[in-house]
Amino acid sequence: MSEVAGRILGMTPEEFQHHTQQTIAAGWDCLRALSPDQTADAVALFEAITAAEAQLAGLRLALLHEARHLDSPVVLDAVRSCTRTNQAHATASIKLSAELADRFPIINSALCEGYISLEQAHAICSGLKKLPAQYSKTDLETCQQQCLQYVHELGPKELRQLAARMAELIDPEGAEAEEAKRMEREEKKAHAGRFLRLRPDFHGSMTITGKLPLADATLLAAQIEALMPSLTSYRETAETPTPDMRRADALVRLAAIAATVVTCPPKVVTGRRCRSP
């Protein structure tokens, strides 16, 4: 039985609720006693409430974890059917309670002590779960401790990213090799997903859509940017083109340059379609 669960069993739920209500009432008394010039006290009260909120969240998750080991599913059923939240959130909470207790006890302790928020704890766990499965318990403890050093500087989103990159701290060479493999997979996927579609709209225009690997698209974008006509070149037509219009003109220029280098097969126009002779 965990220490948190032991404290819960040390008093009845009614007694726990009574003491909790007394604490909340004391908080309201502090709030009402604040004067406009007591900004430091207001900040201190806010921090105390935030820490208490995290501690209650940790206590709730600890209770959920203990409930998973009970013979009766009544507690978990009550959580899933609670109208204060939806079933997806309830399921996520039950899952998080198991992860904190079984895999990330250091993060769990930080949450129960009010050192981090529930959102930060969830973010760190989400990031750490992306680490290689072969990491030892000692490696995971090191990652957890490193993440906790930045909880006062980073929000949940940044902490998730930091936790996911802890592999660079534990195994820099392995992380570099894994990153190279990931980039290679992305390049292959991007190459396999390339396409170019040309569709006439039958109103005097052609719709062009496509997708290229990043390296190829960067080269094309640079060529188009270099061939974009200047605004002054449109003075004779009294036209004020948008940047997108100028890029379209640059693409036509690029095609014209390519036509002078590569011999294109002649096309015969038949109605709305073109065919090679």
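Procedures and definitions
- Residues numbered from 1 in each chain as written.
- Predicted model: local features only at pLDDT ≥ 70, side-chain atom pairs only at ≥ 80, totals over all residues.
- Heavy atoms only, no water.
- Helix = DSSP H or I, 4+ residues; strand = E, 2+ residues; numbered from the N terminus.
- Rg over C-alpha atoms; globule rule 2.2 N^0.38 Å.
- Contact = heavy atoms within 4.5 Å.
- Areas by Shrake-Rupley, 256 points an atom, 1.4 Å probe, with all protein chains shown as cover.
- Lys, Arg positive; Asp, Glu negative; His and termini not counted.
- Charge placed at Lys NZ, Arg CZ, Asp CG, Glu CD.
- Salt bridge = Lys/Arg side-chain N within 4 Å of Asp/Glu carboxyl O.
- Buried < 20%, exposed > 50% of the residue type's maximum accessible area, 1.4 Å probe, protein only.
- Phe/Tyr/Trp six-rings, centres within 6.5 Å; stacked < 30°, edge-to-face > 60°.
- Lys NZ or Arg CZ within 6 Å of the ring centre and 35° of its normal.
- Patch = residues over 30% accessible without salt bridge, like charges linked within 9 Å, V, L, I, M, F, W, Y side chains within 5 Å.
- Axes fitted to C-alpha atoms, helices over the stretch in contact; angles between N-to-C directions.
- Parallel < 35°, antiparallel > 145°, perpendicular 65-115°, else oblique.
- Pairing = 2+ DSSP bridges.
- pLDDT = per-residue confidence, 0-100.
- Core = buried A, V, L, I, M, F, W, Y, C linked by side-chain atoms within 4.5 Å.

1. Some points on the overall build of the protein chain
Of the regular secondary structure elements, the protein chain holds 13 helices and four strands. A globule of 277 residues ought to have a C-alpha radius of gyration of about 19 Å, yet the protein chain, at 31 Å, is considerably larger. Overall, the C-alpha framework of the protein chain stretches about 90 × 55 × 40 Å when taken along its three principal axes. In the protein chain, the share of contacts with a sequence separation of at least 24, taken over all contacts with a separation of at least 6, comes to 51%. Counting only carbon and sulfur atoms, one obtains 58% of the accessible surface of the protein chain, whose full area is about 20000 Å². Of the side-chain charges in the protein chain, 31 are positive and 35 negative, and the distance between the mean point of each set is 14 Å.

2. A closer look at the pattern of salt bridges
Considering all chains together, one arrives at five salt bridges under this definition. The closest approach of N and O atoms between Asp29 and Arg32, which form a salt bridge, is 3.5 Å. Placement of the pair is Asp29 and Arg32 together in helix α2 (residues 13-33), with a separation of three residues, close to one helical turn. Residue classification places Asp29 among the partly exposed residues on the basis of a relative accessible area of 48%. Overall, Arg32 belongs to the exposed group, its relative accessible area being 59%. As a salt-bridge pair, Arg80 and Asp77 come within 3.8 Å of each other at their nearest N and O atoms. Of this pair, Arg80 and Asp77 are both found in helix α4 (residues 74-80), three residues apart, which corresponds to roughly one turn of the helix. What makes Arg80 partly exposed here is its relative accessible area of 35%.

3. Some remarks on the packing of aromatic side chains
With the rule as written, the count across this model stands at zero aromatic pairs. Sitting over the ring of Phe195, Arg197 keeps its end group 4.3 Å from the ring centre.

4. Brief notes about a nonpolar patch on the surface
The grouping of Leu196, Leu198, Met206, Ile208, Leu212, Leu220 and Leu251 at the surface amounts to a nonpolar patch, some 650 Å² of accessible area in total. Only β1 (195-200) and β2 (206-211) provide two or more residues apiece to the nonpolar patch. Among the structural elements, Met206 can be located in strand β2.

5. Comments concerning the packing of helix α12 (residues 214-227) against helix α13 (residues 243-261)
Direction vectors running N to C along α12 and α13 enclose 100°, while the axes themselves pass 8 Å from each other. Accordingly, the angle class assigned to the pair α12 and α13 is roughly perpendicular. The segment α12 lies against α13, with Leu220, Gln223, Ile224, Glu225 and Leu227 engaging Arg247, Ala250, Leu251, Arg253, Leu254 and Ile257.

6. Re the pairing of β1
Two elements, β1 and β2, share six bridges in a ladder whose sense is antiparallel. The residue of β2 that forms the bridge with Pro200 is Met206. Between the antiparallel neighbours β1 and β2 lie five residues, among them Phe202 with a positive phi of about 60°.

7. Notes on the confidence of the model for the protein chain
Of all residues in the protein chain, 90% have pLDDT values of 70 or greater, and the mean over the chain is 86. Model confidence for the protein chain, summarised as mean pLDDT per element, is weakest for strand β3 (residues 268-270) at 44 and strongest for helix α6 (residues 105-112) at 95. Within the model, the stretch residues 268-277 combines pLDDT values under 50 with 11 contacts to residues more than four positions away or in other chains.

8. Structural notes on the side chain of His65
Residue placement: His65 occurs in helix α3 (residues 39-67). Among the residues examined, His65 registers a relative accessible area of 12% and is labelled buried. Contacts of His65, omitting those with residues within four sequence positions, involve Ser97, Ala98, Ala101 and Asp102.

9. A word on unusual backbone geometry
Non-glycine residue Phe202 carries a positive phi angle of around 60°. For Phe202, the position within the fold is in the loop between β1 and β2. A relative accessible area of 51% means that Phe202 is categorised as exposed. Backbone geometry places Ala238, a non-glycine residue, at a positive phi of 55°. Locating Ala238 in the fold gives a position in the loop between α12 and α13.

10. As for the nonpolar core
Core analysis: the biggest nonpolar cluster contains 30 residues, and Leu100, Ile107, Leu111, Ile116, Ile124, Leu128 and Leu131 have the highest contact counts within it. Where this core is concerned, the elements lending two or more residues are α3, α4, α5 (87-102), α6, α7 (118-128), α8 (137-148) and α9 (156-164). Sequence-distant contacts of Ile107, that is, excluding residues within four places in its chain, are made with Leu100, Ile116, Ala121, Ile124, Cys125, Gln144 and Leu148.

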